[in-house]
Amino acid sequence: MNQLLIEKIDAILPQTQCKKCGFAGCRPYAEAIVEGGADINQCPPGGQQGIQKIAELLGIPTKPLNTMHGFPGSLQVVAWIDENLCIGCTFCIQSCPVDAIIGAAKQMHTVIADECTGCDLCVTPCPMDCISMIPVDKKAADLANSSVDAVKKQAADKARLRYQFRQQRIAHERQADHKARTQELIQPPQAQTSSEVRKQAIISAALKRAAAIRARTENKPDFIKNK
Ligand code: SF4
Ligand code: SF4
Ligand code: SF4
């Protein structure tokens, strides 16, 4: 595969990581374009400008956005969680492609607005319907104060890094999980439960000692028992 071309297409894509193109993220979509498995007009967040740039890069005619994949979204939205309703199920964390949600099981969750790409992938999985996409003042101000392209590029570079980091983390966790399962399968049963066996032996010995002391005490004359 032409890695350089993939890099160049990926650099044009907005890194929202929303999967609206039909692929698992921007990079997989870029790979599919290079492999001939996807058209250049499947990315709604990139809009017509993105299609134009990819067409120029590939030296092919531009085409309109395929709205089967959605419509261009605004850069000025982020997810917001109503923490009063959140039950801490973690479904949103699992669906966020850039790790922009923090929280733990059975505890309220919150979105790091600066890291959120506005992909809205966390909205549907929430069983409490407590995630909304809202406009963000800071991004609106950034857009007003600098060129849209510069802000988009900065946000895209950050999102790409966070997406890559998440992919690596998931791969690492899967590897560790696989290793642990393999270990369980190859270990003999006594090695698996050695700490439990030791614990049981200690408890059993303590019980025996207590029983022996009780028996000795019960056999002693009353004047010794009362000492
Ligand atoms: S922004 Fe969304 S639709 Fe566009 S390439 Fe990335 S994942 Fe696909
Ligand atoms: S918090 Fe929600 S909208 Fe924001 S990046 Fe994560 S999944 Fe997407
Ligand atoms: S999916 Fe909804 S209820 Fe579950 S942790 Fe996220 S915000 Fe809370």
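Description of the structure in this document. (Residues numbered from 1 in each chain as written. Chains lettered and ligands numbered in written order. Predicted model: local features only at pLDDT ≥ 70, side-chain atom pairs only at ≥ 80, totals over all residues. Heavy atoms only, no water.)

1. Here's the deal with the overall build of the protein
For clarity, the threshold we go by: Elements are defined by DSSP. Helices are runs of H or I of four residues or more, strands are runs of E of two residues or more, and each kind is numbered from the N terminus. For every residue, the accessible area (1.4 Å probe, protein chains only) is compared with the maximum for its type, and the residue is labelled buried under 20%, exposed over 50%, or partly exposed between those bounds. Shrake-Rupley sampling with a 1.4 Å probe provides the accessible areas, and residues are treated as covered by the protein chains on show and by no other component.
The helix and strand inventory of the protein stands at 9 helices and 4 strands. Reading the protein from its N terminus to its C terminus gives the helix and strand order α-α-α-β-α-β-β-β-α-α-α-α-α. Within the span of the protein, comprising 227 residues, buried residues form 28% of the whole. Carbon together with sulfur atoms contributes 57% to the accessible area of the protein, which is approximately 14800 Å² in total.

2. Looking at the site of ligand 1
Stated formally: To be near a molecule or strand, a residue needs just one of its heavy atoms within 4 Å of it. Ten residues, namely Ala, Val, Leu, Ile, Met, Phe, Trp, Tyr, Cys and Pro, are considered nonpolar, four, namely Asp, Glu, Lys and Arg, are considered charged, and the remaining ones, Gly among them, are considered polar.
Every one of the 13 residues lining ligand 1 counts as a neighbour, but Cys18, Lys19, Cys21, Cys26 and Cys43 are closest to it. Across the shell around ligand 1, the residue classes break down as 8 nonpolar, 3 polar and 2 charged.

3. Looking at the nonpolar core
Spelled out, the test is: Put simply, a nonpolar core is a bunch of buried Ala, Val, Leu, Ile, Met, Phe, Trp, Tyr and Cys residues held in one set by side-chain atoms that sit within 4.5 Å of each other. Pairs of residues are marked as contacts when any of their non-hydrogen atoms sit within 4.5 Å.
In this structure, Ile81, Cys92, Ile101 and Ile131 are the most contacted members of the largest nonpolar core, which totals 19 residues. Secondary structure elements with two or more residues in this core: strand E1 (77-81), helix H4 (91-95) and helix H6 (148-186). Looking at this core, the element that brings in the most residues is E1, giving 3 residues. If we ignore the near neighbours within four places in the chain, the residues touching isoleucine 101 are Ile81, Cys92, Ile93, Cys96, His109, Thr110, Val111 and Cys122. Counting 16 residues, the second largest nonpolar core, distinct from the first, contains Ile9, Leu13, Tyr29 and Cys43.

4. Brief notes about the pattern of salt bridges
Once the charged atoms of two side chains with opposite charge are near each other, the side chains can pair. What counts here: Within this document, salt bridges are pairs made up of a side-chain nitrogen of Lys or Arg and a carboxyl oxygen of Asp or Glu, the two lying within 4 Å of each other.
Per the counting criterion, the structure on display carries 13 salt bridges. A salt bridge links arginine 162 to glutamate 115; its shortest N-O distance comes to 3.7 Å. In this pair, arginine 162 is assigned in helix H6 and glutamate 115 in the loop between strand E3 (110-111) and strand E4 (131-135), connecting sequence segments 47 residues apart. A residue is classified by how much of its surface remains accessible, and arginine 162, at 24% relative accessible area, is partly exposed. In this structure glutamate 115 comes out as buried when scored by relative accessible area, which is 18%. One salt-bridge network, held together by shared partners, links Asp10, Lys153, Asp157 and Arg160.

5. Points about a nonpolar patch on the surface
Spelled out, the test is: A residue counts toward a patch only above 30% relative accessible area and without a salt bridge, and it is joined to like-charged neighbours within 9 Å or, for Val, Leu, Ile, Met, Phe, Trp and Tyr, to nonpolar neighbours within 5 Å.
Among the surface-exposed residues, Leu85, Ile87 and Met128 lie close enough to one another that they form a single nonpolar patch of about 250 Å² accessible area. By the element assignment, isoleucine 87 lies in the loop between E1 and H4. Given a relative accessible area of 47%, isoleucine 87 falls into the partly exposed group.

6. Observations concerning the packing of helix H1 (residues 3-12) against helix H3 (residues 47-58)
How we decide: In this description, a line fitted to the C-alpha atoms serves as the axis of each element, helices being fitted only across the stretch in contact, and the angle between N-to-C directions of two axes falls anywhere from 0 to 180 degrees. Note on angle classes: values under 35 degrees are labelled roughly parallel, values over 145 roughly antiparallel, values of 65 to 115 roughly perpendicular, and the remainder oblique. When the near helix sits turned anticlockwise from the far one by under a right angle, the crossing is termed left-handed; a clockwise turn instead gives a right-handed crossing.
Contact geometry for H1 and H3: axes closest at 9 Å, N-to-C directions at 160°. As summarised for this structure, H1 and H3 are arranged roughly antiparallel, according to the angle between their axes. Considering only the axes of H1 and H3, their crossing is right-handed. Each of Leu5, Lys8, Ile9 and Ile12 in H1 lies in contact with H3, whose residues at this interface are Gly50, Lys53, Ile54, Leu57 and Leu58.

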